[in-house]
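# Commentary on secondary and tertiary structure
The residues making up each chain are set out below.
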Amino acid sequence: MAAARVRSGGRPTLEEVAARAGVGRGTASRVINGSPRVSEATREAVEAAVAELGYVPNRAARALAGNRTDAIALVVPEPETRFFAEPYFSAIVRGVGAALADTEMQLLLTLVGSDRERRRLAQYLTAHRVDGVLLVAVHADDPLPELLGQLGMPCVISGARHAAEPLASVDSDNFDGARAAVEHLASRGRRQVATITGRLEVYGAQRRLDGYRAAVSAAGLAPDERLIAPADFTEEGGARAMRRLLERRPALDAVFAASDVMAAGARQVLREAGRRIPEDVALIGFDDSAVARHMHPALTSVRQPIEEMGQRMAELLLDEIAGRAPDAESPTVVLPTELVVRDSS
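Reference entry: report on the structure contained in this document. Nothing here was measured: the structure is a model prediction, and the numbers come from that model.

## Some thoughts on the overall build of the chain
Regarding its fold elements, the chain presents 15 helices and twelve strands. Seen through its principal axes, the chain has C-alpha atoms that stretch 80 × 40 × 35 Å. Across the 345 residues of the chain, 48% fall into the buried class. Taking contacts inside the chain between residues at least 6 apart in sequence as the whole, the part at least 24 apart equals 70%. Carbon together with sulfur atoms contributes 50% to the accessible area of the chain, which is approximately 15800 Å² in total. Averaging the locations of the 42 positively and 47 negatively charged side chains of the chain gives two centres separated by 2 Å.

Next comes the structure, spelled out in structure tokens:
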């Protein structure tokens, strides 16, 4: 018995408890965390194994050791200028705040817009000064997720970095949202439909481009790479991309911008070029932010439930911190989008 208790060279693990009780790791975790979704016999077997091995749940051990901080970090790897200009981020913060309102958790907002700030954040996280991290707008090559994995730090990200994302993630259906936008334009008789993409190292931006291409093909429109202009989710980037599109394809009659902010930049350039919206060029954005509602003409936009995304991210992270997260694959939550049709299309 004693040998089993020290087999791992230290505190008994959840895996050892599960093996002793003859159940899976997830079942043992549910018993230890008070879940009602187990039979009485299973509960008794796990509780007996806990007593025999002297197992102390990680969260309790951390509390006993004084290592629980009751704080989580919301990390945005973007400079301040983009954080405060992009409505997406404020909506995420509102959603996270709503999820934490009835908890004891404090929220620390961290903007990481430079290599120096990234190094400082790495030192902060290595010291385990927070219990978990919410990562927003993560680039495919960002080293932060790997660092968090090495530290064993609970983490949830907004949007997968690639199709095989190993971390828990919450996102909207970028592909279907873009597809619906382009289908709408084609149904209104638009034949040269351009798109302004976000940074394509962001998986969500790539999925919006995939949705655009799928809808172009389904509508029987001729694919034309010169109708695709990459940008960076900023108003200035949207304006630059719109100028390139007009130079390449002056006869274009519709534009799908992968964010409302980029659509605002595109609108300004179209007006300067004497193009009427929507008579000459129909325009659609993505996010359905306040920007869309306050533009003139009001902007048709793909609504994604950003506040709900922030709330679900925080809920997943709290589950992970408390040991209630699933033990198999990390959860991937994809929320539906909705096309909100207004005057611009």
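## A few points about helix H11 (residues 203-218)
A rise of 1.5 Å per residue sets the reference length of H11, with its 16 residues, at 22 Å; its end C-alpha atoms lie 22 Å apart and thus fit the reference within 8%. When H11 is considered as a whole, its buried residues turn out to be Gly 204, Ala 205, Arg 208, Leu 209, Gly 211, Tyr 212, Ala 215 and Val 216. What you see down the axis of H11 is that its buried residues fit within an arc of 155°, all on one side. In H11, the exposed positions angled more than 90 degrees off the buried face are occupied by Ser 217 and Ala 218. On its buried face, H11 sits against helix H10 (174-187), strand E6 (193-197), strand E7 (228-230), strand E8 (254-257) and strand E9 (282-287). Remark: Gly 220 follows H11 within two positions and exhibits a positive phi of approximately 75°.

## Thoughts on the pattern of salt bridges
If you walk through the whole model with that rule in mind, you get 19 salt bridges. Its salt-bridge partner being Glu 146, residue Arg 161 comes within 3.1 Å of it at the nearest N-O pair. With Arg 161 in the loop between strand E4 (155-158) and strand E5 (168-172) and Glu 146 in helix H9 (residues 144-151), this residue pair connects regions lying 15 residues apart in the sequence. Here the salt bridges do not stand alone but share partners, grouping Asp 288, Arg 303, Glu 338 and Arg 342 into one network.

## With respect to the side chain of Arg 342
Within the fold, Arg 342 resides in the segment after strand E12 (338-340). Residue contacts for Arg 342: discarding those within four places in its chain leaves Asp 288, Ala 292, Arg 293, Ala 298, Leu 299, Thr 300, Ser 301 and Arg 303.

## Concerning the packing of helix H8 (residues 115-126) against H9
At a closest axis distance of 11 Å, the pairing of H8 and H9 adopts a crossing angle of 15°. Relative to H9, H8 is oriented roughly parallel. The crossing of H8 and H9 is right-handed. Where H8 abuts H9, its residues Arg 118, Leu 121, Ala 122, Leu 125 and Thr 126 lie against Leu 144, Leu 147, Leu 148 and Leu 151. Looking at the contact of H8 with H9 residue by residue, the class counts come to seven nonpolar, one polar and one charged.

## Here's the deal with the packing of aromatic side chains
Going through the model one piece at a time under the given rule, you end up with four aromatic pairs. Seen in terms of ring centroids, Phe 83 and Phe 84 are 5.1 Å apart; in terms of plane orientation they differ by 90°. Their pairing is edge-to-face. Of the residues examined, Phe 83 reaches a relative accessible area of 8% and is grouped as buried. A residue is classified by how much of its surface remains accessible, and Phe 84, at 62% relative accessible area, is exposed. The rings of Phe 83, Phe 84, Tyr 88 and Phe 89 are connected pair by pair, giving a single aromatic cluster. One residue, Arg 208, lies across the ring of Phe 286, its end atom 3.7 Å from the ring centre.

## A short note on the sheet that holds E12
Read across the sheet, six strands follow the order E7-E6-E8-E9-E10-E12 without closing on themselves; strand pairing throughout is mixed. One side of each edge strand has no neighbouring strand; the edge strands of this open sheet are E7 and E12. When strand polarity is set aside, the average angle formed by the axes of neighbouring strands in this sheet is 20°. The sheet contact formed by strand E10 (residues 300-303) and E12 spans three bridges and is antiparallel. Among the inter-strand pairings, Arg 303 is bridged to a residue of E12, identified as Glu 338. Contacting E6, E8, E9, E10 and E12, H10 crosses the sheet at an angle of about 165° to E9.

What counts and what doesn't
Residues numbered from 1 in each chain as written. Predicted model: local features only at pLDDT ≥ 70, side-chain atom pairs only at ≥ 80, totals over all residues. Heavy atoms only, no water. Helix = DSSP H or I, 4+ residues; strand = E, 2+ residues; numbered from the N terminus. Buried < 20%, exposed > 50% of the residue type's maximum accessible area, 1.4 Å probe, protein only. Contact = heavy atoms within 4.5 Å. Areas by Shrake-Rupley, 256 points an atom, 1.4 Å probe, with all protein chains shown as cover. Lys, Arg positive; Asp, Glu negative; His and termini not counted. Charge placed at Lys NZ, Arg CZ, Asp CG, Glu CD. Expected span 1.5 Å × (residues − 1). Arc of directions from axis to C-beta. Salt bridge = Lys/Arg side-chain N within 4 Å of Asp/Glu carboxyl O. Axes fitted to C-alpha atoms, helices over the stretch in contact; angles between N-to-C directions. Parallel < 35°, antiparallel > 145°, perpendicular 65-115°, else oblique. Left-handed = near helix turned anticlockwise from the far one by under 90°. Nonpolar A, V, L, I, M, F, W, Y, C, P; charged D, E, K, R; others polar. Phe/Tyr/Trp six-rings, centres within 6.5 Å; stacked < 30°, edge-to-face > 60°. Lys NZ or Arg CZ within 6 Å of the ring centre and 35° of its normal. Pairing = 2+ DSSP bridges.

Structural measurements only, silent on function.
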